[in-house]
Amino acid sequence: MARIAVAQMRVEPTDHEANLAKALDLIGQAAAEGAELVLLPEMALTGLAQDVATAAQPIPGPATEALCQAAVDGGAWVVGGMPEANPGGKPFNSAVAIDPRGEIADIYRKV
């Protein structure tokens, strides 16, 4: 039976770095307690209240690199939401799934 952690966090809409730090800390805590899958909230890195166009990042990119390393360090799957840059238009509201080897397994772009 898999152990799953739901990492609930208060997102600061204008502080991407603080949100990423919180997410990384929660992933580490959950993995230390034996979680094999850690689920972060939708838009965990920015929240829904800010202008996501300015906060959107590429996948892969700096935020996902940090999440990938946290997955490796914790030996757990990580699924987290973030605004994904879309060079052709509006950013995507995306969820990225990262395996325990730190590889992006899949990206879901909300319609």
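Quick caveat, the model's predicted, so the values are computed rather than measured.

**Q** Give me the lowdown on the side chain of His 16, citing residues and values where you can.
**A** By secondary structure assignment, the location of His 16 is in helix H1 (residues 16-32). Apart from the residues within four sequence positions on either side, His 16 is in contact with Leu 45, Thr 46, Gln 57 and Ala 63.

**Q** Tell me about unusual backbone geometry, and please be specific about residues and values.
**A** As a rule of thumb, non-glycine residues mostly have phi less than zero, and peptide bonds are mostly trans rather than cis. A cis amide bond links Ile 59 to the next residue, Pro 60, at an omega of 0°. With respect to the secondary-structure elements, Pro 60 resides in the loop between helix H2 (52-55) and helix H3 (62-74). Even without being glycine, Met 43 reaches a positive phi, approximately 55°. Mapped onto the fold, Met 43 is located in the loop between strand S2 (37-39) and H2. Classification of Met 43 as buried rests on a relative accessible area of 3%.

**Q** Tell me about the pairing of strand S3 (residues 77-84), and please be specific about residues and values.
**A** Burial of S3 is extensive: 6 of the 8 residues sit out of reach of the surface. Taken together, the 3 bridges between S2 and S3 define a ladder with parallel strand orientation. Note on S3: the bridge partner recorded for Val 38 is Val 78.

**Q** Break down the pairing of strand S4 (residues 92-98) for me, with residues and values.
**A** Most of S4 is tucked away, with 5 of its 7 residues classed as buried. The sheet contact formed by S3 and S4 spans 7 bridges and is antiparallel. Each residue of the ladder has a partner; that of Val 78, found in S4, is Ile 98. Two successive antiparallel strands, S4 and strand S5 (residues 104-109), enclose a turn made up of 5 residues, where Gly 102 displays a positive phi of approximately 85°.

**Q** Outline the nonpolar core, supporting the account with residue identities and numerical values.
**A** Judged by nonpolar contacts, the single largest core of 23 residues is most densely connected at Ile 27, Val 38, Leu 40, Leu 45, Leu 67, Val 78 and Ile 98. For this core, the secondary structure elements donating two or more residues are H1, H3, S3 and S4. The dominant element in this core, judged by the number of residues it contributes, is H3, at 5 residues. With sequence-adjacent residues up to four places away left out, Ile 98 is seen in contact with Thr 64, Leu 67, Cys 68, Ala 71, Ala 76, Trp 77, Val 78, Glu 103, Ile 104 and Ala 105.

**Q** Any details on the pattern of salt bridges? Residues and values, ideally.
**A** One pass over the full model with this rule turns up 4 salt bridges. Across the salt bridge formed by Lys 22 and Glu 12, the nearest N and O atoms sit 3.9 Å from each other. Here Lys 22, found in helix H1, pairs with Glu 12, found in the loop between strand S1 (4-6) and H1; they are 10 residues apart in sequence, far enough to count as distant. What makes Lys 22 partly exposed here is its relative accessible area of 29%.

Procedures and definitions
- Residues numbered from 1 in each chain as written.
- Predicted model: local features only at pLDDT ≥ 70, side-chain atom pairs only at ≥ 80, totals over all residues.
- Heavy atoms only, no water.
- Helix = DSSP H or I, 4+ residues; strand = E, 2+ residues; numbered from the N terminus.
- Contact = heavy atoms within 4.5 Å.
- Buried < 20%, exposed > 50% of the residue type's maximum accessible area, 1.4 Å probe, protein only.
- Pairing = 2+ DSSP bridges.
- Core = buried A, V, L, I, M, F, W, Y, C linked by side-chain atoms within 4.5 Å.
- Salt bridge = Lys/Arg side-chain N within 4 Å of Asp/Glu carboxyl O.

Just geometry here; none of it tells us what the structure is for.
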